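Spelled out from the first residue to the last, the chains are:
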2 protein chains.
Amino acid sequence: MRISELSRRSGVPNATIKYYLREGLLPPGRATAATQAEYDETHLRRLRLIRALTGVRGLSVAAAKQVLDAMAEHRGDTHELLGIAFGIRPAGTGAPGTADDDRSAGHPEAAALVDAMGWSVSAGNPARQIIDRTLQTLRSLDIEYDWQALLPYAELAERTARHDLDRIETITDPLEKAEHAVLLTFLLEPALMALRRLAQENESTARHGGDGPASTARPAPPEGHGP
Amino acid sequence: MRISELSRRSGVPNATIKYYLREGLLPPGRATAATQAEYDETHLRRLRLIRALTGVRGLSVAAAKQVLDAMAEHRGDTHELLGIAFGIRPAGTGAPGTADDDRSAGHPEAAALVDAMGWSVSAGNPARQIIDRTLQTLRSLDIEYDWQALLPYAELAERTARHDLDRIETITDPLEKAEHAVLLTFLLEPALMALRRLAQENESTARHGGDGPASTARPAPPEGHGP
């Protein structure tokens with residue numbers, strides 16, 4: 001297909017595609033004339049992946065290029081590929097962090113949680129920082145909450161991750177697998193949180209809502225429903 | 001305490017506290033002189049709740065006032081209170097949506113999912129829209145994904161919500177309960193997604209990582225580990 005059709009089918013403007021070509025994010029098409037080239041389905045898929053990395057995951061074009069290059073290097077090694085796709089290992093560094101390097105020292109609560117779960121997680125996984133920060137924020141608001149309180153959630157996260165990997169497992173092409181890993185990891189997040197909120201309403205209705213759904217107006221009960 | 005101490009302990013600037021007082025978000029203190037008032041722990045807690053609503057949940061000051069007023073009205077009715085806190089029912093409307101009102105028509109996939117789970121969830125729950133939007137986005141990227149694919153996640157969300165409610169259940173004061181519901185619902189979200197990413201790395205290591213942890217440098221294997 002011509003660049004104009006590639007643009008139409010991907011929804012990416014012509015000028016942006018040319019920019020990706022110049023930056024080496026998108027491999028060149030097959031030249032058919034001095035100023036014309038043919039593109040195929042691999043270009044379309046690659047464009048989708050670029051958009052997912054820069055849009056959904058919010059990477060800069062330079063960072064997206066690093067990820068794509070790293071993916072190309074590790075083609076075939078599913079574990080390395082998923083590590084890059086999930087954002088666990090910084091693309092372009094030959095030596096990912098080891099479990100006992102300096103970075104884990106900064107996130108003691110995440111480290112304790114990972115230990116307690118028996119998880120094998122690199123010290124460089126940026127999710128560690130989020131765990132420690134969240135717990136600090138909650139405590140700054142006088143809410144008693146430590147990593148042990150997260151353990152039931154960690155067990156559910158473990159089962160969630162199993163579903164995630166099951167889903168990706170069915171794909172054989174490594175690049176497509178990486179693309180799905182990126183898209184499903186990042187795009188599903190709002191939906192997973194939405195499911196939690198729906199389930200919260202349902203649970204609240206079941207516990208406190210009497211016989212009607214949450215939306216049914218009813219008089220207030222005479223007293224609280226403490227444990 | 002004086003307003004200056006209230007400011008120091010809450011971390012909210014003096015001028016902002018005065019603004020909240022003028023807008024009626026914060027009840028007035030006990031006047032001790034023509035231009036002085038005493039504030040107590042209830043003011044401090046209220047300030048925390050205002051900051052959680054405007055900061056973490058991103059409500060405008062006017063919307064936060066509506067939520068706080070609605071909370072005051074429903075004091076004692078845990079279910080109504082949690083509905084407001086979770087953002088399920090728009091504050092200030094006397095009649096929340098019923099299960100079969102117009103709004104559910106716009107989100108058929110969320111409706112199918114809620115039905116399949118046997119959940120009791122109001123049509124006005126904004127999480128419904130997020131479900132349908134996410135699925136549309138995934139399909140626009142040629143990823144086959146429908147509401148049925150979300151069912152395993154919905155079951156995990158149900159268990160997550162049970163932990164959420166268990167946690168709030170231990171609190172007897174209705175306002176504090178609502179505060180915790182808001183804070184734990186919204187502040188925990190990044191941590192829950194972080195747990196998923198840690199678990200993804202662990203699961204990927206278990207499936208594809210050989211005998212070493214993901215962080216251990218090792219040579220790339222000669223071929224892929226596809227299913």
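Cut-off values and rules
Residues numbered from 1 in each chain as written. Chains lettered and ligands numbered in written order. Predicted model: local features only at pLDDT ≥ 70, side-chain atom pairs only at ≥ 80, totals over all residues. Heavy atoms only, no water. Core = buried A, V, L, I, M, F, W, Y, C linked by side-chain atoms within 4.5 Å. Buried < 20%, exposed > 50% of the residue type's maximum accessible area, 1.4 Å probe, protein only. Contact = heavy atoms within 4.5 Å. Least-squares fit on C-alpha atoms with pLDDT ≥ 70 in both. Phe/Tyr/Trp six-rings, centres within 6.5 Å; stacked < 30°, edge-to-face > 60°. Pairing = 2+ DSSP bridges. Helix = DSSP H or I, 4+ residues; strand = E, 2+ residues; numbered from the N terminus. Buried area = accessible area lost by both parts, 1.4 Å probe. Salt bridge = Lys/Arg side-chain N within 4 Å of Asp/Glu carboxyl O. Polar contact = N/O pair within 3.5 Å; in protein donor to acceptor, adjacent residues only side chain to side chain. Arc of directions from axis to C-beta. 1 Å grid on protein atoms, 1.4 Å probe; cavity = no way out; pocket = protein on both sides within 12 Å on 5 of 7 lines; lining within 4 Å. Points joined across faces, edges and corners; volume = space filled by probe spheres on them. Nonpolar A, V, L, I, M, F, W, Y, C, P; charged D, E, K, R; others polar.

With respect to the nonpolar core
Residues Y145 of chain A together with I131 and Y145 of chain B are the most contacted members of the largest nonpolar core, which totals 117 residues. If we ignore the near neighbours within four places in the chain, the residues touching Y145 of chain B are R167, L184 and L188 of chain A together with L135, L138, R139, L150 and Y153 of chain B.

Comments concerning the relation of the copies chain A and chain B
Once chain A is rotated about the relating axis by 180° and shifted along it by 0.0 Å, it coincides with chain B to within an RMSD of 0.1 Å. In symmetry terms, the pair is related by a two-fold rotation axis. Closest approach to the rotation axis among the C-alpha atoms of chain A is made by L156 of chain A, whose C-alpha sits 3.1 Å away. An overlap of 92% is found between the interface residues of chain A and their copies at the interface of chain B, pointing to a shared contact surface.

Notes on the packing of aromatic side chains
Note on aromatic pairs: each is described by the distance of the centres and the angle between the planes. Here the structure, examined in full by the defined rule, presents 2 aromatic pairs over all chains. Centroid distance Y19 of chain A to Y20 of chain A: 6.1 Å. Interplanar angle 45°. Geometry classified as tilted.

Digging into the pairing of strand β1 (residues 30-33) of chain A
All names here are of chain A. Where β1 meets strand β2 (residues 36-38), 3 bridges bridge the pair, whose relative direction is antiparallel. Across the sheet, the residue bridging to A33 is Q36, located in β2. Taken together, β1 and the strand that follows it, β2, pair antiparallel across an intervening segment of 2 residues.

Looking at the interface of chain A and chain B
Facing 92 residues of chain A, the contacting portion of chain B comprises 88 residues. Around 8900 Å² of area is buried between chain A and chain B when both sides are counted, 64% of it from carbon and sulfur atoms. One can count 10 salt bridges joining chain A with chain B. With a shortest N-O distance of 2.8 Å, D166 of chain A and R207 of chain B are connected by a salt bridge. Inspection of the chain A/chain B interface yields 28 residue pairs in polar contact (both at pLDDT 80 or more). By residue number, the principal contributor to the side of chain A that touches chain B is helix α9 (residues 174-208) of chain A, which donates 28 residues.

Describing helix α6 (residues 108-117) of chain A
If you check which residues of α6 of chain A are buried, you get E109, A110, L113, V114 and M117 of chain A. The arc enclosing the buried residues of α6 of chain A, seen along the axis, measures out at 135°, which places them on a common side. Set apart from the buried face of α6 of chain A by more than 90 degrees, the exposed residues are P108 and D115 of chain A. Tucked into the core, α6 of chain A has its buried residues touching α7 (127-140) and α8 (151-169) of chain A together with α9 (174-208) of chain B. G118 of chain A sits one or two residues past α6 of chain A and shows a positive phi near 70°.

Description of the environment of K177 of chain B
Inspection of the secondary structure puts K177 of chain B in helix α9. Residues K177 of chain B and R167 of chain B, spaced 10 residues apart in sequence, show a C-alpha to C-alpha distance of 9.6 Å.

Considerations on empty space enclosed by the protein
Empty space among the atoms becomes apparent when a probe as large as a water molecule is rolled across them. Tallying each qualifying case throughout the model produces 3 cavities of 30 Å³ or more. Looking at the largest cavity, its volume works out to about 220 Å³. What lines the largest cavity is a set of 16 residues, among which T160 and M193 of chain A together with T160, L192 and M193 of chain B lie closest to the centre. Breaking the lining of the largest cavity down by element, the ones donating at least two residues are α8 and α9 of chain A together with α8 (151-169) and α9 of chain B. Tallied by class, residues from the lining of the largest cavity come to 12 nonpolar, 2 polar and 2 charged.

Bear in mind that shape data such as this cannot, by itself, settle questions of function.
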